[in-house]
Amino acid sequence: MKLLVIGSGGREHALAWRLAKTPGLVKVFVAPGNAGTARENGLQNVPLSSPQELADFAQRENVRLTVVGPEAPLAAGIVNLFRARGLTIFGPTREAAQLESSKDFAKRFMLRHNIPTARFASFSERAAAHAYVDEQGAPIVVKADGLAAGKGVVVASNLAEAHAAIDQMLPPAELEATRDGSVARVVIEEFLDGEEASFIVMVDGRNVLPLASSQDHKRIGDGDTGPNTGGMGAYSPAPVVTPEVHARAMREIILPTVRGMAADGIPYTGFLYAGLMVGRDGSVKTVEFNCRLGDPETQPIMMRLQSDLLNLLEHAVAGRLNLVEASWDRRVALGVVLAAANYPAAPRTGDPISGLPGNSNDSHVFHAGTSEKTDGRIMTAGGRVLCVTTLAENVRQAQKRAYDLITRIHFDGMQYRRDIGHRAASR
Ligand code: AMP
Ligand code: GLY
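What counts, and where the lines are drawn
Residues numbered from 1 in each chain as written. Chains lettered and ligands numbered in written order. Predicted model: local features only at pLDDT ≥ 70, side-chain atom pairs only at ≥ 80, totals over all residues. Heavy atoms only, no water. Core = buried A, V, L, I, M, F, W, Y, C linked by side-chain atoms within 4.5 Å. Buried < 20%, exposed > 50% of the residue type's maximum accessible area, 1.4 Å probe, protein only. Helix = DSSP H or I, 4+ residues; strand = E, 2+ residues; numbered from the N terminus. Contact = heavy atoms within 4.5 Å. Near = heavy atom within 4 Å. Polar contact = N/O pair within 3.5 Å; in protein donor to acceptor, adjacent residues only side chain to side chain.

If you look at the biggest cluster of nonpolar residues, it comprises 50 residues, and the most contacted ones within it are Ile78, Leu99 and Ile254. Counting residues per element, this core draws most heavily on helix 10 (residues 243-263), which supplies seven residues. Not counting residues up to four positions away in its chain, the partners in contact with Ile78 are Ile6, Pro51, Leu54, Val68, Pro73 and Ile89. By size, the runner-up hydrophobic cluster in this structure holds 36 residues, among which are Ala14, Trp17, Val28 and Phe366.

The subject of this paragraph is the site of ligand 1. Neighbouring residues of ligand 1: 15 residues in total, closest Lys143, Glu189, Leu192, Glu196 and Glu288. The side chain of Lys103 places a nitrogen or oxygen atom 3.2 Å from an oxygen atom of ligand 1. Between ligand 1 and the protein, one listed contact pairs a nitrogen atom with a side-chain N or O atom of Glu189 at 2.8 Å. Put simply, the parts of the chain that give the shell around ligand 1 at least two residues each are strand 7 (140-144), strand 8 (153-156), strand 9 (186-190) and strand 17 (284-290).

Mapped onto the fold, Arg417 is located in the loop between helix 13 (395-406) and helix 14 (422-425). Classification of Arg417 as buried rests on a relative accessible area of 0%. Within polar-contact distance, the side chain of Arg417 engages the backbone oxygen of Gly221 at 3.2 Å. If we skip the residues at most four places from it in the chain, Arg417 touches His217, Arg219, Ile220, Gly221, Asp222, Gly223, Asp224, Met232, Val336, Tyr403 and His422.

Geometrically, the link from Ser236 to Pro237 is a cis peptide bond, its omega value of 0 degrees lying close to zero. Among the secondary structure elements, Pro237 is positioned in the loop between strand 15 (233-236) and helix 10. Pro344 follows Tyr343 through a cis peptide bond whose omega is 5 degrees. Within the secondary structure layout, Pro344 lies in the loop between strand 18 (332-339) and strand 19 (352-353). Despite not being glycine, Asn114 shows a phi value in the positive range, around 60 degrees. Relative to the helices and strands, Asn114 resides in the loop between helix 7 (103-112) and strand 6 (120-123). Among the residues examined, Asn114 registers a relative accessible area of 70% and is labelled exposed.

Function cannot be inferred from these measures alone, as they are strictly geometric.
Now the structure itself:
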C-alpha cells in the first residue's frame, strides 16, 4: 500500500513519519520532501510539485490516499483535480480553501453564520480605508486579502502604523486602473485581546474529529517580540484550551463553520485550523481559519498521536469520521524551530548542518528547509530549517530535553527562541 504526502516542510515530515508507522504499509512518498524525509525509514522523496504531475504520479503508482500539507496547492485546486480523476485525497477543494485564501471570504462567511470573530470592514480604496481607521482608533489590525504566509498582517498599536500599513498594502488611486483585474483589498479589524491557541480538526464534509490542542509562537524573538514568522515553536496540549474552551470552540466556531459551508453549497473536507483568541472571560473568537494543519503545531501533535493516522484519514475520506476517536499520549510534546540566518526577512541558504542527533521514542528532529548534497552533507535550504520535538511529563522537562539536543546542532547563523512553551510553563 502506498501513500503520498504533498509538501516539503516540518509539518509534512511529521505527517509522513507518522503515516510510515501504519502496519502493513509499503511506502509513503513525499513530494518534494526534504533531507529529513529522504533519510526516514519507509519514506521516499519524489521531485514533483505541479498538481498535474502529482496526479499522474498518484495514478501510475496506484497511491491509495494523498494528504496535502500546505495551503498553496489547496488554493490552486489540487483536491478538485485529484477528485476529477478519481483519486483519493484529503483536503478542501479550491472553493472551500477560500476560508484561508481570502480573508474577505472568511470574514463574510463568519458574519453570515454568526461565528464569533473580530468586527471588520474591507476596502479596496485607500481613502476609505484611512477614514475607517481614523473613525475606529487604535489599536487596530490591518490585513492584506489573500495568502501572505503570515506576513500580510499588521497589528497597529497607533494610528500612524495603521495608515502606513494601508499605504503599503493598497495601491494609490491613480494606479488602480492598471491592475490586471485582481483588485487588492485590505481587511481592517478590531484588535482582540487574549491568549491565542491553535484548534485543529479533521472534517469529512459533515462530521468533525478534533485533534489535540496546541499553541505556536509566531514572533521571531523571545518574549513574543519582533516580526511575525511562520512559527518559531509549538507545544501540545495548550493549557489555555480548557474543557470549557474546547466545548465553546466546537459549539460556537467549528460546528457552525462545517454546517455553514455545507449550507452554502461548499462542503468542507480536510484539516481545518481555527486560530482562537481566548479572552480572559473564557470567550472564544476566531482570529483566522487555515485550511490545513499548522506548522510547527503538527510536529508536537504527531508526537502525541497514538491512533493509527491512516485509519483516521480513511474514515475522513469516506465521510465516516463520526465512527472514530483519536487517542493521545497524555504527556506534553514541544517543538523548537531552528531557523536560518536572516529569517524571516531574507533567509540565507546553503549553510552546512552538523551534530544532528539520532531520534528516539521521546525526541524527533523534523526537517523543513534542508537538502542533502551528493556527498551526504545536509545543508540549510529555507527559512525554518529544523524542528526539534520532544515528549516529556511536563512542559519544563520537554523544554529541557529539546534545548539539550539543540546544544549539539550547529549551522552558521542558526536562530531559535529560548522560551518556547513559556506560557504553558508559567501556568
Ligand atoms: P493572521 O494571519 O490573521 O493569523 O494574523 C497573524 C497574527 O496576527 C495572529 O496570529 C495574531 O497574533 C495577530 N492578529 C491577527 N488578527 C488579530 C486581531 N484581530 N487582534 C489581535 N491580534 C490579531
Ligand atoms: N503556525 C501557524 C500556521 O501554521 O499557520
